[in-house]
Amino acid sequence: MSNAKVPVTVIGLGPMGQAMVRQFLAAGNAVTVWNRTESKAEAMAAEGAIKAASLAEALEANTLIVVSLTHYEAVRKVLEPVAQHLKGRIIVNMTSGNPTETAEGAAWLGEQGARQLTGGPMTQSDNLTHELNYVFYSGPRHLYEAYEETLAPLSRPEYIGEDPATANLYYQTMLNLFHPMLLAFEQARATIERWGEDPDRFLPFAQHVPKTLPDFMAFTNMMAKDGGWGGVSELKMMHAGAQHVIDTSEQVGVDASVIRAVQDIYSRSLEASEKKGEPVPTYQTIRGH
C-alpha cells in the first residue's frame, strides 16, 4: 500500500471535515468517520466513507486521525473520555485556535501517547483544490514527511517548523490580513452602491489593489525593522485621509467602523508622538512601543 493510500479517520464533519473526507475518498483512501451529530456521518457513509459506531472505534480504526472541530476546547471535550484510545495515534489537528492552546493541546495529546501535527488550512471548504490554496503544517518533521503525500489532496501542504503552535500562529495572522480587507471591500462597495454608482464597474479597480500589496508589504517590512514608517507629518496626513474616507461613507449612510478603527491607530500614534517628543510610527503603536 502506497503512502497516498494510507487509511485515515476524520473526526468532525462540519463543512471542512466533509470536504476533507471527499478529498481523501477521491484520492483512494479508506476513510472512517465520526461526528457528534450522527446524521452527518451517515451522509458521508452514503458517499463511501466508513461510519464508526463510536468515537473509540473511529480512533482504533486507523493510525492517522484528522480532527476538524470548532475550537480546541471542543477537541479536549471530545477526546478526553476516550483518551485511552489515543496511544500511538497521529493527530492531524485542523482545529482553529490560538498558538498557546495549540501547544497545550499538543502537549496533552503527548501525555496520552499520541503525537500532533497542527494544520492551518488557508482554504475554503467548498474549494480545497484551488491552485492558490494551501495548508500550513507544523510539528515533528518526520511525521510530516511520513504523511505529506497522504495529506496533499487537502490542498498544497506548507511545512513551517517543528513547533506545533506555529501553524496556528501563521493561520491566525493570515486571517488577520483577510478579515479587515474583506470588510473594507464591503464598506467600499456599499459606498459606491449607495452613491448610485455601479459596483460592477468599481470591481476591477478594487481587484487591482491586492496586486499592489506585495510592494507595500515589502516596504513596510523593511521599515518595521527600523521601528516603522511615518513621521508626525505623515501620521497627520494619514489621519486626515482616513477622515475623508469616513466622511464619504457616512454621507451616504454606510457604516465606517472599519476605517474608524484604522484612524484610531493614527490618533494613538500622534498622541504618543506628542507625549514622547519624537515620532511614534503606527507599527510601534500596534506592536506595543
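Residues numbered from 1 in each chain as written. Predicted model: local features only at pLDDT ≥ 70, side-chain atom pairs only at ≥ 80, totals over all residues. Heavy atoms only, no water.

Per an unreviewed UniProt entry, the recorded name for the chain is NAD(P)-dependent oxidoreductase, and the organism is Natronoglycomyces albus.

S.K.: A description of the packing of aromatic side chains should follow, citing residues and the corresponding values.
M.R.: Any pair of aromatic rings gets described here by the distance separating the centres and the angle formed by the planes. The final tally for this structure, using the stated rule, is 4 aromatic pairs. On the basis of an interplanar angle of 75° and a centroid distance of 5.4 Å, the ring pair of Phe-136 and Tyr-170 is categorised as edge-to-face. Separated by 34 residues along the polypeptide, Phe-136 in strand S7 (residues 134-138) and Tyr-170 in helix H7 (residues 166-195) bring together distant segments of the chain. Judged by centre distance (5.9 Å) and plane angle (40°), the rings of Tyr-137 and Tyr-144 are tilted. (Phe/Tyr/Trp six-rings, centres within 6.5 Å; stacked < 30°, edge-to-face > 60°. Helix = DSSP H or I, 4+ residues; strand = E, 2+ residues; numbered from the N terminus.)

S.K.: Could you give me a rundown of H7, with the residues and numbers involved?
M.R.: In this model, H7 (30 residues) spans 44 Å end to end at C-alpha, consistent with the 44 Å of a helix rising 1.5 Å per residue. Of all the residues in H7, the buried ones are Thr-166, Ala-167, Asn-168, Tyr-171, Leu-175, Gln-187 and Thr-191. If you follow the buried residues of H7, they end up packed against helix H4 (72-79), helix H5 (99-111), strand S6 (115-122), S7, helix H9 (232-251) and helix H10 (257-276). Positive backbone phi, approximately 105°, marks Gly-196, located one or two places after H7. (Expected span 1.5 Å × (residues − 1). Buried < 20%, exposed > 50% of the residue type's maximum accessible area, 1.4 Å probe, protein only. Contact = heavy atoms within 4.5 Å.)

S.K.: Describe the layout of surface pockets, with residues and values.
M.R.: The probe, sized like a water molecule, is rolled over the atoms to show the empty space still left. What the second largest pocket holds in volume is close to 430 Å³. Taken together, 25 residues make up the lining of the second largest pocket; nearest its centre are Gly-14, Met-16, Ser-68, Leu-69 and Thr-70. Listing elements by their share of the lining of the second largest pocket, those giving two or more residues are helix H1 (15-26), S6 and H7. Tallied by class, the residues present in the lining of the second largest pocket amount to 8 nonpolar, 15 polar and 2 charged. (1 Å grid on protein atoms, 1.4 Å probe; cavity = no way out; pocket = protein on both sides within 12 Å on 5 of 7 lines; lining within 4 Å. Points joined across faces, edges and corners; volume = space filled by probe spheres on them. Nonpolar A, V, L, I, M, F, W, Y, C, P; charged D, E, K, R; others polar.)

S.K.: Give me the nonpolar core: which residues, what numbers.
M.R.: Core analysis: the biggest nonpolar cluster contains 29 residues, and Val-21, Phe-24, Val-33, Val-66, Val-92, Met-94 and Tyr-137 have the highest contact counts within it. Residues Trp-34, Ala-58, Ile-65 and Leu-69 belong to the second largest nonpolar core, which totals 21 residues. (Core = buried A, V, L, I, M, F, W, Y, C linked by side-chain atoms within 4.5 Å.)

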